[in-house]
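In case you want the letters, here they are:
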Amino acid sequence: MVYSQRQASDIVIPCERGSIYDAKGTVLASNIKKYIVILDAKQVMDYSKQMGNSSYIEATANALNQYLGFDKQQIIDFINANPKDAYERISKDENGKVYALDTEELKPLMSAIEASKAKGSKETPILGIQFEDSYSRIYPNGTLACDLIGYVNDGDEGTYGLEQYYETELKGINGRAFGYINDSTNLEKQIVPAKNGNSLILNVDASIQRIVERKIVEMNDSMDFEERAGSYNTGVIIMECDTGNIKAMAGYPFYDLNDPRSVTIDKYYSEKQIKELMTKFAIQEEYINGISSNIFFEEGKDPYLKVLNEETGKDEIVMLTQEQLNKLDDDLSGYVRDGVWKNFCIS
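Because the structure is a prediction, the values reported are computed rather than measured. (Residues numbered from 1 in each chain as written. Predicted model: local features only at pLDDT ≥ 70, side-chain atom pairs only at ≥ 80, totals over all residues. Heavy atoms only, no water.)

**Considerations on the overall build of the chain**
Basically, it comes down to this: Secondary structure elements follow DSSP: runs of H or I no shorter than four residues count as helices, runs of E no shorter than two count as strands, and numbering proceeds from the N terminus. Summary of the burial criterion: residues with accessible area below 20% of their type's maximum are buried, those above 50% are exposed, and those between are partly exposed, where the area comes from a 1.4 Å probe applied to protein chains only. Any two residues having at least one pair of non-hydrogen atoms within 4.5 Å are treated as being in contact. The Shrake-Rupley method, run with a 1.4 Å probe, gives the accessible areas here. Residue values count only the displayed protein chains as cover.
Secondary structure assignment for the chain yields 10 helices and 15 strands. Counting all 347 residues of the chain, 39% fall into the buried class. Taking as baseline every contact in the chain between residues at least 6 positions apart, the subset at least 24 positions apart corresponds to 62%. Here the chain displays about 19800 Å² of accessible surface, and carbon together with sulfur accounts for 47% of that area.

This is the structure in structure tokens:
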């Protein structure tokens, strides 16, 4: 854990989100520890001045470049421009969003830092690089019970399912590390530890859940006709009669909880169905005054929409050009990425 050496600091100590288990202890949702790379420019600059040698700045920049691919000159420029900054998160993407790295990615750099500081080493010590704890949510079983469990979004908040419903219980409370200079010019620190989230133990049995989901897929595959590929949406619940405990709860289509925004919708829907569903959604945006619609395809005719005008109670025909259909197809990936695929699950 890294704490700031700045004159006034307020550093978040991340808590660990609670895990989710099935009735037999199978892990359905857990966390892996990762690390955010911190640059302590103050430590590097102070040591360089003390030793009268700028090679320490060079060594730090070289290490970050060699092992993590950071721009060497940018690191040197940052240290020189911020000689009193003891806490800067430098593992950021091109949009400035902070990201964390796993242990395997950091092992070579960690080893190099340790070797450079070892007794008798002739290498210039690599200074000012530290690692802050972070946690990433993982779902070991991928798509299993995806609709039931839900997932954690980029803001570390539960989305859909149990992750959202039990957000308060699962999330926990981050701790904080405060630092300040007292009247005697000494650095005072106060640490409020993080409180990890509570875990959930479900009545659901992962083995039964797998069987149900496998049977759903088999049923839909058996209905793979030209006009339709299985059901638009399937839901199954298995209940224990004498207790009322839910042993399985499955919805279809499935999606990977570890990558919920990369839904391959063409795996579950035919090209015709995709056009129908996308058009349905697009019309809901265009006709905002409560007008519903459906798309129709007939041989020898251009595709058209039959729109119900709720004010007149009559159907209106809206023709679709190939260009409009192509645009809907182009927009598909954007809608899926933003989670709108949920709107496709119609019965």
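So that's the structure; there's more coming.
**Description of the pattern of salt bridges**
This is how the line gets drawn: Take a side-chain nitrogen of Lys or Arg and a carboxyl oxygen of Asp or Glu: if they are within 4 Å of each other, that pair is a salt bridge.
In total, this model carries 12 salt bridges according to the counting rule given. Between Lys72 and Glu58 there is a salt bridge; the shortest N-O distance is 2.5 Å. Pair noted here: Lys72 is in helix H3 (residues 72-81) and Glu58 is in helix H2 (residues 55-68), with a separation of 14 residues, a long-range link. Residue classification places Lys72 among the partly exposed positions, given a relative accessible area of 27%. According to the relative accessible area criterion, Glu58 is partly exposed, its value standing at 33%. Among the salt bridges present, the one from Lys171 reaches Glu167, with a minimum N-O distance of 3.8 Å. Residue Lys171 and its partner Glu167 are located together in helix H7 (residues 167-171), separated by 4 residues, close to a single helical turn.

**Here's the deal with the packing of H2 against H3**
Stated precisely, the cut-off is as follows: Only C-alpha atoms enter the line fits that serve as axes; for helices the fit covers just the stretch in contact. Angles between N-to-C directions range over 0 to 180 degrees. To sort the angles, those under 35 degrees are grouped as roughly parallel, those over 145 as roughly antiparallel, those from 65 to 115 as roughly perpendicular, and the leftovers as oblique. Handedness of each helix crossing follows the sense of rotation of the near helix against the far helix: counterclockwise by less than a right angle gives left-handed, clockwise gives right-handed. Ten residues, namely Ala, Val, Leu, Ile, Met, Phe, Trp, Tyr, Cys and Pro, are considered nonpolar, four, namely Asp, Glu, Lys and Arg, are considered charged, and the remaining ones, Gly among them, are considered polar.
The interhelical angle for the contact between H2 and H3, taken along N-to-C directions, is 140 degrees, at an axis separation of 8 Å. If you check the angle between H2 and H3, you find them oblique. H2 and H3 meet at a crossing whose hand is right-handed. Along the contact surface, H2 presents Ile57, Glu58, Thr60, Ala61, Asn62, Leu64 and Asn65, while H3 presents Lys72, Ile75, Ile76, Ile79 and Asn80. When its residues are assigned to classes, the contact of H2 with H3 shows 6 nonpolar, 4 polar and 2 charged.

**Some remarks on a nonpolar patch on the surface**
Keep this limit in mind: Two joining distances apply to patches: 9 Å for like charges and 5 Å for nonpolar side chains (Val, Leu, Ile, Met, Phe, Trp, Tyr), and every residue must have over 30% relative accessible area and no salt bridge.
On the surface, Ile237, Met239 and Met249 cluster together into a nonpolar patch covering about 290 Å² of accessible area. By the element assignment, Met249 lies in strand S12 (residues 246-252). Since its relative accessible area comes to 32%, Met249 is described here as partly exposed.

**Some thoughts on the packing of helix H1 (residues 41-51) against H2**
To characterise two packed helices, one gives the angle between the axes of the helices and the distance between these axes. Between H1 and H2, the least distance of the axes is 8 Å, while the angle of their chain directions is 145 degrees. Across from Val44, Met45, Tyr47, Ser48 and Met51 in H1, the residues of H2 making contact are Tyr56, Ile57 and Thr60. A class-by-class count of the residues in the contact of H1 with H2 yields 6 nonpolar, 2 polar and no charged.

**So, unusual backbone geometry**
Geometrically, the link from Tyr252 to Pro253 is a cis peptide bond, its omega value of 10 degrees lying close to zero. Located in the positive-phi region is Ala145, a residue other than glycine, with phi close to 55 degrees. Position of Ala145 among the secondary structure elements: in the loop between strand S5 (129-138) and helix H5 (146-149). Residue Ala145 is classed as buried on the basis of its relative accessible area of 5%. In this model, Tyr160 sits at a positive phi of 65 degrees, which is unusual for a non-glycine residue. Tracing the chain through its elements places Tyr160 in the loop between strand S7 (158-159) and helix H6 (161-165).

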